[in-house]
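The lines below spell out each chain.
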Amino acid sequence: EKSVLELGLNHIDRSSFHRGRKYASEGRVVIASQTPSRIEARVSGSAETPYSVKIWKEGNALKATCSCPIGSKCKHIAATLLRGPSSLVSRNHSS
C-alpha cells in the first residue's frame, strides 16, 4: 500500500518535487491549520504574497489545490506534503 505522501507526490513531476523539497527545507511552508485529514498552508514563493495550499483526503485519494497559476501538482503542494503533519502524510491506507 502506498502512503498518502507517496500518493500525493506520485502526481507531481520530478522538477516540481525537487523545487518543493527545497522550499520545505528553506522553511517556506507555514501550516495554517490541520486536522487528521486536511492541511491548509501558506507557501512563500517568488510572488510577494504567499500561495494558499489545501490538501485533503477523499476516500483513498489525496486532493490538493494551490492559489498559484499552476493550481495543482506544483512545487507549493509538494513542499506542503513534505512539511505536513505525519497524521496526514505518513499513514498507510488500509481496506
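Preceding block: the structure.
Please read these numbers as outputs of a predicted model, since none were measured by experiment. (Residues numbered from 1 in each chain as written. Predicted model: local features only at pLDDT ≥ 70, side-chain atom pairs only at ≥ 80, totals over all residues. Heavy atoms only, no water.)

A. Quick look at the nonpolar core. Counting residues in each nonpolar core, the largest one holds 18 residues, and the members touching the most others are I12, V53, I55, C66, I77 and L81. Elements with a contribution of two residues or more to this core: helix 2 (14-25), strand 2 (38-43), strand 3 (51-58), strand 4 (61-66) and helix 3 (75-83). Among the elements that make up this core, the one with the highest residue count is helix 3 (four residues). In this structure I77 touches I12, V53, I55, A64, T65, C66, G71 and S72, once residues within four positions along its chain are discounted. (Core = buried A, V, L, I, M, F, W, Y, C linked by side-chain atoms within 4.5 Å. Buried < 20%, exposed > 50% of the residue type's maximum accessible area, 1.4 Å probe, protein only. Helix = DSSP H or I, 4+ residues; strand = E, 2+ residues; numbered from the N terminus. Contact = heavy atoms within 4.5 Å.)

B. Structural context of the packing of aromatic side chains. Taken as a whole and assessed by the stated rule, the structure comprises zero aromatic pairs. Over the ring of Y23 we find R28; its NZ or CZ atom is 4.2 Å from the centre of that ring. (Phe/Tyr/Trp six-rings, centres within 6.5 Å; stacked < 30°, edge-to-face > 60°. Lys NZ or Arg CZ within 6 Å of the ring centre and 35° of its normal.)

C. Summary view of the state of the cysteines. With the rule as written, the count across this model stands at zero disulfides. C68 takes part in no disulfide bond, and the closest cysteine sulfur to it belongs to C66, at a distance of 3.7 Å. (Disulfide = S-S within 2.5 Å.)

D. Inspection of the side chain of K75 at higher detail. Mapping K75 onto the fold places it in helix 3. With no salt bridge to any partner, buried K75 finds its closest opposite charge in E26, at an N-O distance of 9.6 Å. Setting aside residues up to four positions removed in sequence, K75 forms contacts with S16, R19, G20 and Y23. (Lys, Arg positive; Asp, Glu negative; His and termini not counted. Salt bridge = Lys/Arg side-chain N within 4 Å of Asp/Glu carboxyl O.)

E. Representation of the side chain of T80. Mapped onto the elements of the fold, T80 is located in helix 3. Polar contacts involving the side chain of T80 include one to the main-chain carbonyl oxygen of H76, which spans 2.9 Å. For T80, the residues in contact, after removing those within four places along its chain, are V29, I39, A41, V43, V53 and I55. (Polar contact = N/O pair within 3.5 Å; in protein donor to acceptor, adjacent residues only side chain to side chain.)

F. Seen up close, the layout of surface pockets. Size it by volume and the largest pocket reaches roughly 170 Å³. Contributing to the lining of the largest pocket are G8, H11, I12, I55, L62, K63, A64, S72, K73, I77 and L81. Elements with a contribution of two residues or more to the lining of the largest pocket: strand 4 and helix 3. Considering every element that reaches the lining of the largest pocket, the biggest residue donor is strand 4, with three residues. Partitioned by chemical class, the residues of the lining of the largest pocket number six nonpolar, three polar and two charged. (1 Å grid on protein atoms, 1.4 Å probe; cavity = no way out; pocket = protein on both sides within 12 Å on 5 of 7 lines; lining within 4 Å. Points joined across faces, edges and corners; volume = space filled by probe spheres on them. Nonpolar A, V, L, I, M, F, W, Y, C, P; charged D, E, K, R; others polar.)

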